[in-house]
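# Coordinates in review
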Amino acid sequence: MGLRFAIDTGGTFTDLMVSSDAGVLSMYKASTTPKDPVAGVLDSLRMAAEASKESLQSYLARGELLMHGTTHAINAIVTGSTARTAFITTAGHPDTLVIREGGRMEPFNFTIAYPEPFVPRALTYEVPERMTVNGMAKTPLDEAAVIDILEQIKQAGVEAIGVCFLWSVVNPAHELAVGVLIERHLPGIPYTLSHKINPSIREYRRAISTCIDASLKPIMGAYMRGLESRLREAGFKGRVLVVTSQGGVMDAAHAAEAPVHLINSGPSMAPVAAKAYAEAGDTETLIVGDTGGTTFDVSLVRRGRIPRSRETWLGQPFRSHMTGMPSVDVKSIGAGGGSIAWVDAGGLLHVGPISAGAVPGPVCYRRGGTRPTVTDAAVALGFIDAEFFLGGKMSLDKQGAIDAIKREVADPLKCDVETAAEAIMSLATEHMVQAIMDITVNQGIDPSEAMFVAGGGAAGLNCVAIARRLGCRRVLVTEAGAALSASGALISDLSAHYQAMFHTLSESFDQAGVNRVLSKLSEECSAFAKHAGAGSLSTSVDWSCEARYIEQAWEIEVPLRKGGFESATDITSLVSDFHQMHQDKFAVSDPHAAIETVTWNAEVRCRIGSAEPGRLAPDQRAVELPSRRVRYAGAGWVNSQVYRFEAISEGSIIKGPAIIESDFTSIVIEPGSKAMRDGLGNLVIDVREHTA
Amino acid sequence: MTQSSASQMDGSALALLTARMEGIARKMANTLHRTGRSGILTIARDFSCVVLTAKHELLATAESLPIHVLRGPDIMAKTMADNHPVLKRGDAFLHNSPYHGCTHPADHSILIPVIDDQGVHRFTVLAKAHQADCGNALPTTYMGAAKDVYAEGALIFPAVKIQDKYEHVMDIIRMCQLRIRVPEQWWGDYLATLGAARVGERELLALGAEIGWDKLEAYTQQWFDYSERRMIDVIRAMPKGRVTRKSTHDAFPATPTAGVTITATVEVKPDEAMIEVDMTDNPDSMENGLNLSEACALSAPMLAIFNSIDHTVPKNEGSFRRIKIHLRDGSIAGRPRHPTSCSAATTNIADRVANPVQAALAELADGLGLAETGALLPPSCGVVSGVHHGKPFVNEVYLGCTGGAGAPTADGWLTILHAGNAGMCYQDSIEVDELRHPIFVHQRRLIPNSEGAGRFRGALGAYSEFAPVDCDMTVAYISDGNVNPALGTRGGLAGGNSAQYRMHPDGSLEPLAACAEVVIAADERMVSISAGGGGYGAPHEREAYRVAHDVREGWVSRERAEAVYGVALHDDLTVDNETTRHLRRGG
């Protein structure tokens, strides 16, 4: 087995994790070049080659797999550099992308403009055709009108086309016919048909998935081709895979054909890593927090499964568009090391959502920032060593941080700087706790039963405080937690997700019809395993169904015990599993009520490498670092012990108060809690109050 | 105040506890949204969740519907306490009485007193949800023509105990099940609403145990003081002035033939840091369902005030101290007397109260206020019902209703629905509606040139056309705005009018009454046109590139761009600067 690379391109840094043939991990960080993300990818690989004292060419030649998490797709949307896209839809319904699904946040805020549709109305074309709920063609497709529209589309300089007709998910004939006409009349223009990319009910969600997908095809196709060819040129001969929003990987060339899957490439991997490192079995629930400079991403692992959501927004909820695709449920809020603290006219403290970002950054970075941030508070409290930041690569301006906190927070609150800095940390913690509660209540998870997995460079500052607020007993910080997503990518499966809509009631269950749908999904999974998954170590299929009580509006996802219904017992099992899931998620169920199924899902997973999370190479440096003054909540200033994360031996226990530092992060072990290194190199912190 | 100065909190402690209180209200709302049964709760999100103090002061509202919560929850909680002097843990109360603080009888509310371990009432949580049906005489929750509460027909619950020791009072449940159409749907919604309130109770009990009840009480008073300070600062920075504006609701059954003209006088008193709204100069209650409940009569002008100022001022008892609304007993826009019907209290007249108040504030100074929001409730968001293959159905649909008002710095929010809702409701998926009901939606589209022109324009109106499948369908609606559009402010123009028609099999259109329950046959179609929103500022002040964009998108015609906005375009639809300058100088 050769080298495996996982590369996660973020806004500021490109993280690389390398797994050697022996399963030993190493970690590198290079700067991201926003205009040319592949440059950052190659730079990080060059750093790794240098560290192993090889030429890039010979180092990469030893490579077997490369998994890439990329923000290129979402960046293309945010910066408006996607293709000029046309939207072809059912006559009478041209405003699906304009009206969206309604909804709004901040009811009294009239300063925010309503979002422009993802495809301009000027490039929206209505086609005479209409299917009914039963898949009957109430209005036949007017092919002559389509041909005329395609001519207009050509004149308008369109570069990609999304096609979404009402009820195509029940009968795709009209969409398929338009696909044929596009290929005949506009050969070479990329297009997407809604029933193929997102075969689910709700026309807005299907239409938006379709248009996003089409709009990304040119740019992501070019990106994937560029990535592969430059890696080949540099000497890499292995397989290039890309991380999907669903928490798996797919071949780069395959991803280029369905780029809507790449919107959340990256963040989707945090729970994958957490699940592997926490060795979470079928009973354990994990809350995964990934804290970066500007955002805090929360995701979950519930009893071994990573919950999905179809409500992933491209920007702020209701003020942007959602992808409509089933993706790993990740909620983001504007909170992180760069969140700015200030006091308003009425004397109330605020932390975030405005952020100092990477530029100008916190005051202590000396890059021109003047407003105090969470990082500045952490420096003022001694959580971060101003003299030895990032393993000594950068020295921080502690006095600048203190002055800014005094001026902007302490003086207006009429308190001292330490108190102000503690207040900033507590409020940042509370915002993160609230973000976690939003996602856990929606998924029906009781945080006090869960373990908190903290990832990202700024996670250690308040992970114990967050866990205590949530009532979690334990926190887990992985060895490579500062690059949690990359370490997840390294162990992820090659996967594909297939879905089909089929509506039936539990009272009059159409067993034959459901089995037809499931066997078609099964065939698709087998074909994937046979082609893309050829040579994989093992293959499995996760079955699920989206169902609801009759008259209920939203479906919930219920795992199926197997991929077919053989007897009445199987139907009874599905119904009782549904009630149980409903009870779990919402704390209520209606055990006598019938249910209706809407969508059927199959996710095929092919294991292409080890599922075992690797370990970083052993660290020979001293475990004890010079002690320093740190201010802990409730304990005041303490001359605190400081330990090197990488050098702590397995099984040894460190009691708080203490600071545990790595080259990438600083972890605050609050008084009363205790930390232990486990066999996988994780730091497991028991946060329950222990008397010393 | 019973607390010593030792419990004086600083701005950081206040911020922390506020995040937690809002978190509790949000958790209630998330629970209700995800567990409701009817479309109106789970699709349209027509519900609200709030936390009140034991003194019935509004504390936390999360993202509720403004008309539901600003005032009313306080009166409802007080009614609960007055009617039940001994409140116990495990109690829950059903409340929908418009004579005791509820918005209208369709808004079933569950109130739960939060009782500490010593038996002391500490907070009240309230979850309010609009029902798909509430047992009215006709299958609609908006009985625009009901002569009185008897003609309305809904069961009225003035804070009636519906759970005792956490067990349902089955007598009440059975009464509801015998009166409310599609009782299983009501039962599902009741469980969801109750569940949301119980979540709020559980969270508050945990918070009280953690923080201490006395400290929490001290927090609430200091949070109110902070909110009041914010409101004082905002009002002191406003210009002093008094503006009277009128807004006329179209003629409906039992109204004068010229309709109902609502008069609002807004007075901003910066020196006293008070805003007062005088609503006393209005007609008496009428023999129809348009009369406001006290909750709506108070909330409508208040939401218009909060729409008009810095949106970061918290909405709670503290900021409310700086607002005074003068009402008259027995007025259509005042306090109703039983048995006056308030069936449609949240929408029609309530919007005719909110609109002139926000437009009046705009007249006081540029940068304040809003134009008028489009009127409700066209057939596209009416209640549809019927019997399909022996199975009855009833629900409110949201098939296209827009109406956002032009604002000082932004165009009208497209899907605002109406002033009291503020766009919080969702719009239906056509596929979901067609799957759930025997209904076929032929068209849903925005109507070009229906925006209220302005520097910032109002939203366009929506056209929708739908029909029953294999059965007759009753559509109940109360469409204001057929005659009186949403007016602009500060020189902005009015939005397009609403309208409704029956489309016959031959395609001909038959105009229908504005307030009606019409039966649409299987071979006919319901045509609904919703109102556009009013514009803010003169159309000639609109930046030319915005006008050009509207023309390219097909929202505004080229002719209208020239005639109304004074913006000329080249044939490639870019701005013709020279002609535009000329037009605007001339205009």
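Numbers given to residues run from 1 along each chain, matching the order in which its sequence is written. Both sets of labels track the order of writing: A upward for chains, 1 upward for ligands. Two thresholds apply to this predicted model, a pLDDT of at least 70 for residue-level local features and 80 or more for giving and counting side-chain atom pairs, whereas whole-chain, interface and lining totals are computed over all residues.

### Quick word on the interface of chain A and chain B
Any pair of residues counts as being in contact when their C-beta atoms, constructed from backbone geometry, are within 7 Å of one another. Facing the 59 residues of chain A at the interface are 61 residues of chain B. Going through the elements one at a time, helix H4 (96–99), helix H8 (203–234), strand S19 (349–355) and helix H13 (417–442) of chain A are the ones with two or more residues in the side of chain A that touches chain B. Working definition: helices are DSSP H or I runs of at least four residues, strands are E runs of at least two. Numbering for both runs from the N terminus. Top contributing element to the side of chain A that touches chain B by residue count: H13 of chain A, with ten residues. Three classes are used, and their members are as follows: Ala, Val, Leu, Ile, Met, Phe, Trp, Tyr, Cys and Pro are nonpolar, Asp, Glu, Lys and Arg are charged, and the others, Gly among them, are polar. The class makeup of the residues in the side of chain A that touches chain B is 33 nonpolar, 15 polar and eleven charged.

### Focus on unusual backbone geometry
All names here are of chain A. For the bond running from Gly656 to Pro657, omega is 5°, close enough to zero to count as cis. Along the chain, the position of Pro657 falls in the loop between strand S29 (653–655) and strand S30 (658–661). Positioned with a positive phi, Arg303 is a non-glycine residue whose angle comes to about 45°. Looking at the secondary structure, you find Arg303 in the loop between strand S14 (296–302) and strand S15 (308–309).

### Some details on the domain arrangement of chain B
Residues and elements named next belong to chain B. The domain architecture assigned to chain B consists of domain 1 (5–227), domain 2 (370–538) and domain 3 (547–586). Each of domain 1 and domain 2 was reduced to a C-alpha centroid, and the two centroids are 30 Å apart. On the domain 2 side, the residues contacting the 22 residues of domain 1 number 22 residues. Within the residue set of the side of domain 1 that touches domain 2, elements represented by two or more residues are helix H2 (39–42) and helix H3 (66–69). Domain extents, as shown, originate in an automatic or database domain assignment.

### Section: the domain arrangement of chain A
If you check the domain split of chain A, you get domain 1 (3–77 + 225–262), domain 2 (80–219) and domain 3 (494–607). For the side of domain 2 of chain A that touches domain 3 of chain A, the per-class residue count stands at four nonpolar, one polar and no charged.

### A look at helix H9 (residues 294–308) of chain B
Expected span, for any helix, means 1.5 Å times one less than how many residues it has. In this model, H9 of chain B (15 residues) spans 22 Å end to end at C-alpha, consistent with the 21 Å of a helix rising 1.5 Å per residue. Most of H9 of chain B is tucked away: 15 of the 15 residues are buried. Here exposure depends only on C-beta density: within 10 Å of a residue's C-beta, 20 or more other C-beta atoms make it buried, 12 or fewer make it exposed, and intermediate numbers make it partly exposed, the C-beta atoms being placed from the backbone.

### Points about helix H14 (residues 463–470) of chain A
All names here are of chain A. Counting buried residues in H14 gives eight out of eight residues, a clear majority hidden from the surface. Regarding H14, the residues found buried are Cys463, Val464, Ala465, Ile466, Ala467, Arg468, Arg469 and Leu470. Where H14 is buried, its residues contact strand S13 (285–291), H13, strand S20 (451–455), strand S21 (474–477), strand S31 (666–669) and strand S33 (683–686). Once H14 finishes, Gly471 follows within two positions and takes phi at roughly 85°, a positive value.

### Regarding the sheet that holds strand S15 (residues 462–468) of chain B
All names here are of chain B. Being paired, for any two strands, means DSSP has found at least two bridges between them. Taken together, the five strands give an open sheet; going across it, the order is S14-S15-S20-S17-S18, and neighbouring strands pair in antiparallel fashion. This sheet does not close on itself; its edge strands, each paired only once, are strand S14 (439–446) and strand S18 (509–511). Averaged over all adjacent pairs, the angle separating strand axes in this sheet is 20°, with direction ignored. The angle between two axes is taken between their N-to-C directions and runs from 0 to 180 degrees, where each axis is a line fitted to C-alpha atoms and a helix contributes only its stretch in contact.

### A few points about the sheet that holds strand S9 (residues 160–164) of chain A
Residue and element names in this part refer to chain A. Spatially, S6-S5-S9-S10 is the arrangement adopted by the four strands of the open sheet, whose pairing is parallel. Here the strands that pair on one side only, and so sit at the sheet edges, are strand S6 (124–127) and strand S10 (191–193). Taking the axes of each pair of neighbouring strands and ignoring which way they run, one obtains an average angle of 20° across the sheet. Where S9 meets S10, three bridges bridge the pair, whose relative direction is parallel. Residue pairing across strands places Val163 opposite Leu193, the latter belonging to S10. On the sheet, helix H6 (residues 173–185) packs against strand S5 (85–90), S9 and S10 and is oriented at approximately 165° with respect to S10. H8 contacts S5, S9 and S10 of the sheet and is inclined by roughly 165° relative to S9.

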